[in-house]
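# Topology and contacts: notes
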Amino acid sequence: MPDMMPAPANRTFDALIIGAGFSGLYQLLCLRDRLGLNVQVLEAGDGVGGTWYWNRYPGARCDSESHSYNYTFSKELFEEWEWSERYPEQPEIMRYLNHVADRFDLKRDIRFGTRVVGACYDDAAKSWEVTTEAGETLTAQFLITAVGCLSTANVPAIPGLPDFAGRWYHTGQWPHDGVDFKGKRVGLVGTGSTGIQATPVIAEAAAHLTVFQRTPNYSVPAHNAPLTPEFKQWVKSNHAKLRGIMQGTPNGHPFVIEDRSVWDVTAEQRQAIYEAAWAKGGLQFRAAFRDLLIDKEANDTAAEFLKNKIREIVKDPATAELLADIDHPYAAKRPPIDSDYFATFNRPNVTLVDVRRAPIERITPSGIRTGKAEYPLDIIVFATGFDAMTGPLLRMNIKGRDGRALAEAWEAGPRNYLGLQVAGFPNLFTITGPGSPSVLCNMPVAIEQHVEWITDCIAHLRAEGLARIEPTEAAMDDWVTQVNDAARSTLLPQAHHSWYLGANVPGKPRVFMPYAGGMARYRSICDEVAATGYPGFVRSA
Ligand code: N01
């Protein structure tokens, strides 16, 4: 072969992994370095990071505490990395994931700038054929999606958007060179976790910020601060202990839920407990009592406390009432945490607009028009969330045996076994898929469990001389029932507009998607399945 000819690119692999975020990086490491498989990661972005690669909006910061927002599989990795603040900011998370990718030499097996647009199972060849946007076809025995749960931006179809004369952005597709708000009139649509993080930061920079609120939301202060040297040292010395706590709790966080009912204490004691939890801040507020998410009247006590905090903080009574007019139980939607969100409405350059009573009618060339008024704007920021959990999977046009589309199999909502596999789609594994705890858990904990289970499953197949695994229809039916039952035993489905239910995307089936039975319970179910010879799955040569 002449010297100038490039070597032909390898197109056949043991496993293809889609996505190079937390999930894809660890899955690559496990399959390549532990099982010795020939693996390739396909990543649409030009770098590692997954959801964090795209979500670089102002104020983007993780709501999990930094010492729990990392991998725990390697004690050395855990001990050598130091976070700087209580909650890691997006750029620091990117530095961490790049550090992991470099430390384990992962980038050489990742194809960046490669978006997957199709995946089709070839029954005769017993392999997956994956097509990229550039038209390339790659094949592999195993296909593993590591595409995240919140990676398909939901830009609302508001009439007139193409005619807007200013600039508009979705927080989940933020420009890498940032946005200059100086001197600009900015409109922010959406008051979920993202909008609540972005509001104070944009308000600092913009001439004027108008927040368009459809559903008011609770929020607890994050109390972010630099970590002390003592705390950093404590974290380093407690790898096993922290890993144990995170793996043993329902939500994967490094704190335990208090084993007391709201009704075990007097009203005065309860108030003091809530005050202490407010002073501590963060997602831990949810853990003040064990019955906050299962007993509506218990939840009402927390809800009332949090609404009163809004009324205390926000000086204008009408604005305070609009913010506190919350219609769902506390934490039935993913509870935001914030840095001065409510206080931001005391600034003279911030206006709150209620678009529940007077909805947005259209975007005009010069701004946003609601049923009541028109708001002139230079920039619109859509913090309008994602086509969560199923969106990133369905947009890849996955087809299983006999060309059956995943979109067809999931027409009435996602159906799978353990959130991991779908009948008719052999050797396809979905990391943190719908039907698994995923978004109800601190994500790295959920991810490590899934990646390790998949790795053990593939190792088992190889050891037994087997080539294929997929679940039975009966196992899927049973699992869907368990997922529904778990949700129904909580208050979570009571937030009827929640993305957990797919309610934020018009036309999406209303199905409670994540498994709400808790991460620890889920882990033991998965372990039991693996230990007892994979009941509910069909394995074949
Ligand atoms: O999205 P959301 P998000 N007109 O769907 C509103 C994670 N996260 O990006 O509720 C007007 O929660 C919508 O209103 P409504 C976290 O899991 C994590 O904020 O549908 N408004 C809502 O207010 C979180 O839960 C971190 O009535 C419209 C908002 O937009 C998840 O991401 C940080 C509208 C969307 O809220 C999603 O959060 C940030 C319309 N047409 C986020 N369409 C971390 O800490 C939608 N809205 C890791």
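Check the Cofactor (unreviewed entry) section of the UniProt entry for the protein chain; it says "FAD". What UniProt records for the protein chain under Sequence similarities (unreviewed entry) is the sentence "Belongs to the FAD-binding monooxygenase family."

Right, let's talk about the sheet that holds strand β9 (residues 208–213) for a bit. Sheet strands pair by backbone hydrogen bonding; their relative direction is either parallel or antiparallel. Read from one edge of the open sheet, 5 strands run β7-β16-β8-β9-β12, paired in parallel fashion. Two strands close off the open sheet at either side, each with one partner strand: β7 (167–170) and β12 (350–354). Ignoring strand direction, the axes of neighbouring strands in this sheet form an average angle of 20 degrees. Bridging between β9 and β12 involves 5 bridges; their strand directions are parallel. Within β12, the residue paired with Gln213 across the bridge is Asp354. Of the strands in this sheet, β9 and β12 touch helix α10 (residues 317–324), which is tilted by about 50 degrees from β12.

Looking at the ligand, there are 23 residues lining it, with Asp63, Thr194, Arg214, Thr215 and Lys333 nearest. Between the ligand and Asp63, the relevant distance is 2.6 Å, taken from an oxygen atom to a main-chain nitrogen or oxygen of the residue. When isolated, the ligand has an accessible area of 920 Å², and the protein chains bury 89% of it. Broken down by element, the residue count for the shell around the ligand peaks at 3 residues, all from helix α5 (residues 193–205). Of the residues in the shell around the ligand, the class split is 9 nonpolar, 9 polar and 5 charged. Residue contributions to the shell around the ligand reach at least three from each of two domains, namely domain 1 (12–152 + 388–468 + 520–540) and domain 2 (161–227 + 252–382).

What follows covers the pattern of salt bridges. For the structure shown, the criterion picks out 37 salt bridges. A salt bridge links Asp105 to Arg108, with the shortest nitrogen-to-oxygen separation between them at 2.7 Å. Judged by relative accessible area, Asp105 falls into the partly exposed class, the value being 38%. Asp325 is the partner of Arg356 in a salt bridge, and the nearest nitrogen-oxygen pair spans 3.1 Å. Of the two residues, Arg356 sits in the loop between β12 and β13 (360–364) while Asp325 sits in the loop between α10 and β11 (337–338), which places them 31 residues apart along the sequence. Residue classification places Arg356 among the partly exposed positions, given a relative accessible area of 30%. Residue classification places Asp325 among the partly exposed residues on the basis of a relative accessible area of 29%. When salt bridges that share partners are traced, they join Arg32, Asp33, Asp105, Arg108 and Asp109 into one network.

As summarised here, the arrangement of the 3 strands in space is β13-β14-β15, forming an open sheet in which the pairing is antiparallel. Strand pairing shows two members of the sheet lacking a second neighbour, β13 and β15 (374–376), which therefore form its edges. The average angle at which neighbouring strand axes cross in this sheet is 20 degrees, direction not considered. Pairing between strand β14 (residues 367–370) and β15: 3 bridges, direction antiparallel. Note on β15: the bridge partner recorded for Arg369 is Glu374.

This part takes up the packing of aromatic side chains. Enumeration over the complete set of coordinates arrives at 38 aromatic pairs. Judged by centre distance (5.2 Å) and plane angle (50 degrees), the ring pair of Phe22 and Tyr71 falls under tilted. Of this pair, Phe22 sits in helix α1 (residues 22–34) while Tyr71 sits in the loop between α2 (51–54) and α3 (75–80); the two residues are 49 residues apart in sequence, bridging distant segments of the chain. Like Tyr71, Phe22 is buried. Here the aromatic rings of Trp453 and Phe537 are separated by 5.8 Å at their centres, their planes lie at 40 degrees, and the arrangement is tilted. Pair noted here: Trp453 is in helix α13 (residues 443–463) and Phe537 is in strand β20 (residues 537–540), with a separation of 84 residues, a long-range link.

With respect to the element layout, Val262 can be found in the loop between α7 (239–248) and α8 (267–280). The exposure class of Val262 is buried, given its relative accessible area of 0%. The sequence separation of Val262 and Arg521 amounts to 259 residues, and the corresponding C-alpha distance is 24 Å. Look past the residues within four positions of Val262 in its chain and what remains in contact with it is Arg270, Tyr274, Phe289, Asp291, Leu292, Ala298 and Thr301.

Right, let's get into the domain arrangement of the protein chain. One can read the domain layout of the protein chain as domain 1 (12–152 + 388–468 + 520–540) and domain 2 (161–227 + 252–382). Between the C-alpha centres of domain 1 and domain 2 there is a distance of 31 Å. With both chains or domains summed, domain 1 and domain 2 bury close to 2100 Å², and 52% of this area falls on carbon and sulfur atoms. For the pair domain 1 and domain 2, the interface holds 1 salt bridge. Put simply, Asp63 and Arg334 hold a salt bridge, and the shortest N to O gap is 2.9 Å. One can count 17 residue pairs in polar contact (both at pLDDT 80 or more) joining domain 1 with domain 2. Among the residues forming the side of domain 1 that touches domain 2, the class breakdown is 9 nonpolar, 8 polar and 6 charged.

Parameters and conventions
- Residue indices follow the written sequence of each chain, beginning from 1 at its first position.
- For this predicted model, a pLDDT threshold of at least 70 governs which residues receive local features, and a threshold of 80 or more governs which side-chain atom pairs are given and counted, while totals over whole chains, interfaces and linings are taken from all residues.
- By convention in this description, side-chain values take in all heavy atoms of the structure and omit both hydrogens and water.
- UniProt positions are given in the numbering used here, feature names are shortened, and annotations may be inferred rather than shown by experiment.
- In this scheme, strands are said to pair when DSSP sees at least two bridges between them.
- Here a helix means four or more residues in a row that DSSP labels H or I, a strand means two or more in a row labelled E, and each is numbered from the N terminus.
- The axes used here are C-alpha line fits, helices contributing only the stretch in contact, and every angle between their N-to-C directions lies in the interval 0 to 180 degrees.
- The contact rule is simple, with two residues in contact once any of their heavy atoms fall within 4.5 Å.
- Nearness of a residue to a molecule or strand requires only that one of the residue's heavy atoms be within 4 Å of it.
- Under this definition, polar contacts are N or O atom pairs within 3.5 Å; protein pairs additionally need one hydrogen-donor-capable and one acceptor-capable atom, and for neighbouring residues in sequence, both atoms have to be side-chain atoms.
- Method for areas: the Shrake-Rupley scheme with a 1.4 Å probe, in which residue coverage is limited to the protein chains shown.
- Under the scheme applied here, ten amino acids are nonpolar (Ala, Val, Leu, Ile, Met, Phe, Trp, Tyr, Cys and Pro), four are charged (Asp, Glu, Lys and Arg), and all others, including Gly, are polar.
- Domain start and end points were adopted from an automatic or database domain assignment.
- In what follows, salt bridge is the name for a side-chain nitrogen of Lys or Arg lying within 4 Å of a carboxyl oxygen of Asp or Glu.
- Partly exposed describes any residue whose relative accessible area lies between the buried limit of under 20% and the exposed limit of over 50%, with all areas from a 1.4 Å probe on protein chains only and scaled to the type maximum.
- Aromatic contacts are taken between Phe, Tyr and Trp rings whose centres are within 6.5 Å, Trp giving its six-membered ring; a plane angle under 30 degrees counts as stacked, one over 60 as edge-to-face, and the others as tilted.
- Buried area is calculated as the accessible area (1.4 Å probe) missing from two parts once they are joined, with the contributions of both summed.

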